[in-house]
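Observations on the model geometry
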Amino acid sequence: MRKYIVKRLLLSVMILFCVTFIIYALLRFLPASYVENMAMQLAMKPGAKPYEEWLEQLNAAYGLDKSILPGYLTWLGDAVQGHFGDSWKYTIPVLQKFNETVWLSFIMGAIAFILQLIIAVPLGVIAATKQYSRTDYAVTAGALIGISLPTFFFATILKLIFSVKLGWFDLFGLVGRDYGQLDAMGQFLDKANHLVLPIITIVIVSVGSLMRYTRTNMLEVLNADYIRTARAKGLSEKKVVYQHAFRNTLIPLITIVGGSLPGLFSGALITETLFSIPGIGFTSYEAMRIGDIPFSMFYMMFLAVLTLAGNLISDILYAVVDPRVRLA
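Residues numbered from 1 in each chain as written. Predicted model: local features only at pLDDT ≥ 70, side-chain atom pairs only at ≥ 80, totals over all residues. Heavy atoms only, no water.

**Things to note about empty space enclosed by the protein**
Put simply, the rule reads: The pocket and cavity definitions rest on a 1 Å grid over protein atoms only: a 1.4 Å probe that fits but cannot leave marks a cavity, an open set with protein on both sides within 12 Å along at least five of seven lines marks a pocket, and residues lining either have an atom within 4 Å of a point. Grid points are joined across faces, edges and corners, and a volume is the space filled by probe spheres set on the points. When residues are grouped by polarity, Ala, Val, Leu, Ile, Met, Phe, Trp, Tyr, Cys and Pro land in nonpolar, Asp, Glu, Lys and Arg in charged, and all others, Gly among them, in polar. Put simply, DSSP marks the helices as runs of H or I at least four residues long and the strands as runs of E at least two long, and each gets a number from the N terminus on.
In total, this model carries two cavities of 30 Å³ or more according to the counting rule given. There is about 60 Å³ of room inside the largest cavity. Considering the residues around the largest cavity, the lining is formed by Phe 169, Asp 170, Leu 171, Phe 172, Gly 173, Asn 193, His 194, Val 196, Leu 197, Pro 198 and Phe 275. Residues that form the lining of the largest cavity fall into these classes: seven nonpolar, three polar and one charged. Roughly 30 Å³ of volume is contained in the second largest cavity. Secondary-structure elements contributing two or more residues to the lining of the second largest cavity are α6 (134-148) and α8 (184-222). Considering only residue class, the lining of the second largest cavity consists of three nonpolar, one polar and two charged.

Have a look at this one:
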């Protein structure tokens, strides 16, 4: 196990170098550029230098006057030391802005993911054990509806019903008008109230695929030879399903859990935008939109690290769940 983990970690470092270089090269070719926009604004001021001079000066200040490889090596040298520079859009250190926004998205993503597991896994198992019954058809229909619903459409419906018609929730934002006048508990409940609709949106549009995935894998396990043998031995159906079949269904589910790690921190870009939630998804989108290379590079590198870590965790958990799997 130790040898395997060390080998995977070394391989992950090599992959990370390749991924960050590709990301840096792509960001350098973005059509939008903060430097170009800033040079244009400065050149429009009375008595200012021409646009070309401002562009050359700003490129030199931000290290964009170098070619891609030297520029990447400069960024990499700073990144290894933990220096990621200042965000061009938000004019504060990248790490500070990231820390201000990522935890809100993490809370939303973690709550939504836990709710997805609580809803999808039991319903998928029930649908598989009652194949072709009304329950199975109802679960399948609900899953397909959730998969088919566009995020922007479902979020708009929720806001129309619960915000406009019923007035239970605010349309936008993270805090209400009276937030500053509330005590600590009141402020907490106010923020929680504003996160209800975004979390419901994430859960509904995502739970269907996990539900179908669970049902499909459970059906495959229930049709295996050892399940028929267990039934022939006289074991109760409950013990066959939940002690023998469900344990083997966990293996493909672990892949989903491990792969969901980046999603917990990446933020739900569309949902955060529709509800004006200042999470990391919306923040990174705004940074990329204007070509904020320092913030975008750190954000992409962070997701790459999480993806590699999620895959490693999944591989290790395989051996924990299924003794037949040996990492060697």
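That covers the picture; the talk isn't over yet.
**As for unusual backbone geometry**
For clarity, the cut-off: Classification of residues uses two cut-offs on accessible area relative to the type maximum, computed with a 1.4 Å probe and protein chains only: under 20% is buried, over 50% is exposed, and between them is partly exposed.
A positive phi is found at Thr 91, a non-glycine position, where the angle reads about 55 degrees. With respect to the helices, strands and loops of the structure, Thr 91 is situated in the loop between α4 (68-80) and α5 (94-129). Positive phi outside glycine occurs at Ser 276, with the angle close to 55 degrees. With respect to the secondary-structure elements, Ser 276 resides in the loop between α12 (269-274) and α13 (280-289). By relative accessible area, Ser 276 is classed as partly exposed at 38%.

**Quick look at the side chain of Arg 215**
Using the following cut-off: We call two residues in contact whenever any of their non-hydrogen atoms come within 4.5 Å of each other.
By the element assignment, Arg 215 lies in helix α8. Ignoring anything within four residues of it in the chain, the contact list for Arg 215 reads Gly 124, Ala 127, Ala 128, Gln 131, Asp 136 and Thr 140.

**Side note on the environment of Ala 120**
Position of Ala 120 among the secondary structure elements: in helix α5. Taking the C-alpha atoms as reference points, Ala 120 and Tyr 213, 93 residues apart in sequence, are found 9.0 Å from one another. Here Ala 120 is in contact with Val 207, Leu 210, Met 211 and Thr 214, once residues within four sequence places are set aside.

**Observations concerning a negative patch on the surface**
As a reminder, the rule being used: Two distance rules govern patches: like charges are joined within 9 Å, and nonpolar side chains (Val, Leu, Ile, Met, Phe, Trp, Tyr) within 5 Å, applied only to residues with over 30% relative accessible area and no salt bridge. The Shrake-Rupley method, run with a 1.4 Å probe, gives the accessible areas here. Residue values count only the displayed protein chains as cover. The salt bridge criterion pairs a side-chain nitrogen of Lys or Arg with a carboxyl oxygen of Asp or Glu, the two atoms within 4 Å. Positive charges are assigned to Lys and Arg, negative charges to Asp and Glu, while His and the chain termini are left out of the count. Every charge is mapped to an atom, namely NZ of Lys, CZ of Arg, CG of Asp or CD of Glu.
Judged by side-chain charge, Glu 52, Glu 53, Glu 56 and Asp 65 come together as a negatively charged surface patch. Classification of Glu 53 by relative accessible area gives partly exposed; the value is 41%.

**A few points about the nonpolar core**
Our working definition: Nine residue types can take part in a nonpolar core, namely buried Ala, Val, Leu, Ile, Met, Phe, Trp, Tyr and Cys, and a core is a set of them joined through side-chain atoms within 4.5 Å.
Of all hydrophobic cores here, the largest spans 39 residues; its most connected members are Trp 75, Phe 84, Phe 98, Phe 295 and Met 297. Mapped onto this core, the elements with two or more residues apiece are α1 (2-28), α2 (34-43), α3 (51-61), α4, α5, α11 (261-266), α13 and α14 (293-321). A total of eleven residues in this core trace back to one element, the largest contributor, which is α14. When residues no more than four places from it in sequence are discounted, the contact partners of Phe 295 are Ser 87, Val 94, Lys 97, Phe 98, Ile 280, Thr 283, Ser 284 and Ala 287. Judged by nonpolar contacts, the second largest core, of 20 residues, contains Ala 120, Ala 127, Leu 210 and Ala 230.

**Quick word on the environment of Gly 85**
When you line up the elements, Gly 85 lands in the loop between α4 and α5. With 55 residues separating them in the primary sequence, Gly 85 and Leu 30 have C-alpha atoms 19 Å apart. With sequence-adjacent residues up to four places away left out, Gly 85 is seen in contact with Pro 93 and Val 94.

**Structural notes on α6**
Where we set the bar: For a helix, the expected span equals 1.5 Å multiplied by the residue count minus one. This arc corresponds to the set of directions leading from the helix axis out to the C-beta atoms.
Compared with the 21 Å implied by 1.5 Å per residue over 15 residues, the 21 Å span of α6 between its first and last C-alpha is a close match. Among all positions in α6, only Asp 136, Val 139, Thr 140, Ala 143 and Gly 146 are buried. The buried residues of α6 all sit within an arc of 125 degrees when viewed along its axis, so they share a single face. Away from its buried face by more than 90 degrees, α6 exposes Arg 134, Tyr 137, Ala 138, Ile 145 and Ser 148.

**Some words on the packing of aromatic side chains**
To be explicit about the condition: Two rings from Phe, Tyr or Trp (for Trp, the six-membered ring) form a pair when their centres are within 6.5 Å of each other. A pair whose planes differ by under 30 degrees is stacked, one over 60 is edge-to-face, and the rest are tilted.
Evaluation of the coordinates by the stated rule reveals twelve aromatic pairs. Between the aromatic rings of Phe 84 and Phe 298, the centroid separation amounts to 4.7 Å while the plane-to-plane angle is 65 degrees, which identifies the pairing as edge-to-face. Taken together, the residues span a long stretch of sequence, with Phe 84 in the loop between α4 and α5 and Phe 298 in helix α14 at a distance of 214 residues. For Phe 84, a relative accessible area of 12% gives the class buried. The buried category is assigned to Phe 298, whose relative accessible area is 8%. Relative to Phe 302, the ring of Phe 98 has its centre 4.8 Å away and its plane inclined at 70 degrees; by these criteria the two rings are edge-to-face. Within this pair, whereas Phe 98 is found in helix α5, its partner Phe 302 is found in helix α14, the two being separated by 204 residues in sequence. For the residue pair Phe 98 and Phe 302, the accessibility class agrees, reading buried in each case. Among the aromatic residues, ring-to-ring pairing joins Phe 21, Tyr 24, Tyr 72, Trp 75, Phe 84, Phe 98, Phe 298 and Phe 302 into one connected group.

**Considering the side chain of Glu 272**
The cut-off we apply is this: Side-chain atoms alone can form a polar contact between residues adjacent in sequence; in general such a contact is a pair of N or O atoms within 3.5 Å, and within protein one must be able to donate a hydrogen while the other accepts it.
The topology assignment puts Glu 272 in helix α12. Here Gly 281 takes part through its backbone nitrogen, which lies 3.1 Å from a polar atom of the side chain of Glu 272. A polar atom in the side chain of Glu 272 sits 2.9 Å from the backbone nitrogen of Phe 282.

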